[in-house]
Amino acid sequence: MSATAPTIQIAPSILSADFAALGRDIAAVERGGADLIHVDVMDGHFVPNITIGPPVVRAVKRIATKPLDVHLMIEEPDRYIDDFVAAGANMISVHVEAVPHLHRTIGYIKKLGARAGAVLNPSTPAVLLEDIARDLDYVLVMSVNPGFGGQAFIPHSIEKLRRVRAVLDAAGSSAAIEIDGGVDEGNVADIVAAGATILVAGNAIFGGGDAEAATRSLRQAALGAVQGAGPRR
Ligand code: DX5
Ligand code: ZN
């Protein structure tokens, strides 16, 4: 069974970290076993909130030991891909709702040497991925409406994960599925069973005061889910 169990990756979202102590908080989640550092970039247009840009990504890159997973929630993301890769992004995801030429954008991210992902908002159907599935390194399924940390997980996202996996499988794509929004120890079993292997969590990790322990606990809950679920791709 272990030969076929998926590798779960924990990706703490620094949106919920202490921005005045990012180095301390990133070190804590890395001690706790984080696999990726999830960076939420918001522009106040595509989503209501404004967060961080390439200078902060560059600073985080100096202290993080794990790859940076940059989630662009911005209009016209094509204008900024070079800057984020130069700043140290290892993974870049763009919203399908924000780019008219997704095939070109995904190809450009990969050409620059980063892993490329497509993001679906909660209301965006999985079938939109049919003709890009084989080009993707990963799909990010939003399980909240993007813009803020600490929102409640939208239950329909479980069904959405299954639909995305089915679309990817039908296209012959081995792209991983990442889930983002409202993930916690209570829902991670269902999330993993539905096909997600990259788990983003902000509030569940940074909201309780011990980010190291929370990272470890989330992985334990996810691994328990994998063992309980039996063999999966
Ligand atoms: C939401 C962001 C998420 C968010 C997750 O727009 O994309 O990455 O920080 O935070 P939680 O886990 O608190 O929902
Ligand atoms: Zn995110």
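Described in the following lines is the structure provided in the data block. Everything numeric in this text was worked out from a predicted model, so none of it was measured. (Residues numbered from 1 in each chain as written. Chains lettered and ligands numbered in written order. Predicted model: local features only at pLDDT ≥ 70, side-chain atom pairs only at ≥ 80, totals over all residues. Heavy atoms only, no water.)

A look at the coordination of the zinc ion (ligand 2)
As a reminder of what qualifies: Here the term donor refers to an N, O or S atom within 2.8 Å of the metal (or 3.2 Å for Na, K and Ca), and because water is left out of the atoms, sites may appear incomplete. Square planar and octahedral sites, with four and six donors, are those where opposite donors lie more than 155 degrees apart and all other angles lie between 65 and 115, tetrahedral sites have four donors with every angle between 85 and 135 degrees, and the rest are irregular. Only DSSP runs of H or I reaching four residues or more are called helices, and only runs of E reaching two or more are called strands; each is numbered from the N terminus. Three exposure classes are used, based on accessible area relative to the maximum for each residue type with a 1.4 Å probe and protein chains only: buried under 20%, partly exposed in between, and exposed over 50%.
His38 (NE2), Asp40 (OD), His71 (ND1) and Asp180 (OD) make up the full set of protein donors to the zinc ion (ligand 2), lying at 2.0 to 2.3 Å. Considering all six donor atoms around the zinc ion (ligand 2), the spread of angles at the metal, 69 to 170°, places the coordination shape in the octahedral class. Look at where the donors of the zinc ion (ligand 2) fall in the sequence and you get H-x1-D-x30-H-x108-D. Separated by 33 residues along the polypeptide, His38 in strand E2 (residues 37-42) and His71 in strand E3 (residues 68-73) bring together distant segments of the chain. Of the residues examined, His71 reaches a relative accessible area of 0% and is grouped as buried.

Examining empty space enclosed by the protein
Applicable threshold: Buriedness of a pocket was judged along seven lines, with at least five required to meet protein on both sides within 12 Å; pockets are open sets of points on a 1 Å grid over the protein atoms alone, cavities are sets where a 1.4 Å probe fits but cannot get out, and lining residues have an atom within 4 Å of a point. Grid points are joined across faces, edges and corners, and a volume is the space filled by probe spheres set on the points. Asp, Glu, Lys and Arg are counted as charged, while Ala, Val, Leu, Ile, Met, Phe, Trp, Tyr, Cys and Pro are counted as nonpolar; the rest, among them Gly, fall into the polar class.
In this structure the tally under the stated criterion is one cavity of 30 Å³ or more. In this structure, the largest cavity spans a volume of roughly 40 Å³. For the largest cavity, the full set of lining residues is Pro122, Val141, Met142, Ile154, His156, Ser157 and Lys160. Elements that contribute at least two residues to the lining of the largest cavity include exactly strand E6 (138-142) and helix H5 (157-170). Tallied by class, the residues present in the lining of the largest cavity amount to four nonpolar, two polar and one charged.

Description of the packing of helix H1 (residues 22-31) against helix H2 (residues 54-63)
Rules: Where helices are involved, their axes are fitted lines through C-alpha atoms of the stretch in contact, as for all axes, and angles between N-to-C directions lie from 0 to 180°. When an angle is under 35 degrees it counts as roughly parallel; over 145 it counts as roughly antiparallel; between 65 and 115 it counts as roughly perpendicular; any other value is oblique. By convention the crossing between two helices is left-handed if the near helix lies anticlockwise of the far one by an angle smaller than a right angle, and right-handed if it lies clockwise. Residues count as neighbours in contact if any of their non-hydrogen atoms are within 4.5 Å of one another.
With their axes 10 Å apart at the nearest point, H1 and H2 run at an angle of 50° to one another. In terms of their interaxial angle, H1 and H2 are classed as oblique. Viewed along their axes, H1 and H2 form a crossing whose handedness is right-handed. Only Val56, Val60 and Ile63 of H2 make contact with H1, whose side of the interface consists of Leu22, Gly23, Ile26 and Glu30. Its residues placed into classes, the contact of H1 with H2 shows five nonpolar, one polar and one charged.

Details of the pairing of strand E4 (residues 91-95)
Note the threshold: By the convention used here, strands pair only if DSSP detects at least 2 bridges between them. Orienting the strands away from the viewer, one traces the path from the first strand over the helix to the second; a clockwise path indicates a right-handed crossover.
For E4, the tally of buried residues reaches five of five residues, placing the bulk of the element in the interior. Residues Met91, Ser93 and His95 of E4 are buried on one face, and the alternating residues Ile92 and Val94, pointing to the opposite face, are buried as well. Where E3 lies against E4, four bridges are found, and the strand directions are parallel. Paired with Asp69 across the two strands is Met91, which belongs to E4. At this point the chain moves from E3, through helix H3 (residues 81-87), to the parallel E4, and the crossover so formed is right-handed. Two elements, E4 and strand E5 (residues 115-120), share five bridges in a ladder whose sense is parallel.

A closer look at the site of ligand 1
Put simply, the rule reads: Near residues are defined by distance, with any heavy atom within 4 Å of the molecule or strand qualifying the residue. Polar contacts, as used here, are pairs of N or O atoms within 3.5 Å; protein pairs need one atom able to donate a hydrogen and one able to accept it. Residues neighboring in sequence count only if both atoms are side-chain atoms. Every accessible area reported is derived by Shrake-Rupley at a probe size of 1.4 Å, with residue values counting cover from the shown protein chains alone. A pocket or cavity is taken to hold a molecule when more than half of that molecule's atoms are within 2 Å of the pocket's grid points.
Neighbouring ligand 1 are 20 residues; Asp40, Gly147, Gly150, Asp180 and Gly202 lie closest to it. Note that an oxygen atom of ligand 1 is positioned 2.7 Å from one of the side-chain N or O atoms of Asp40. Contacts to ligand 1 include Gly182, whose backbone N or O atom sits 2.8 Å from an oxygen atom. In isolation ligand 1 offers 380 Å² of accessible surface; the protein chains occlude 99% of this area. Put simply, ligand 1 lies in the second largest pocket. Elements represented by at least two residues in the shell around ligand 1 include exactly E2, E3 and strand E8 (198-201). A per-element tally of the shell around ligand 1 places E2 first, with three residues. Tallied by class, residues from the shell around ligand 1 come to eight nonpolar, ten polar and two charged.

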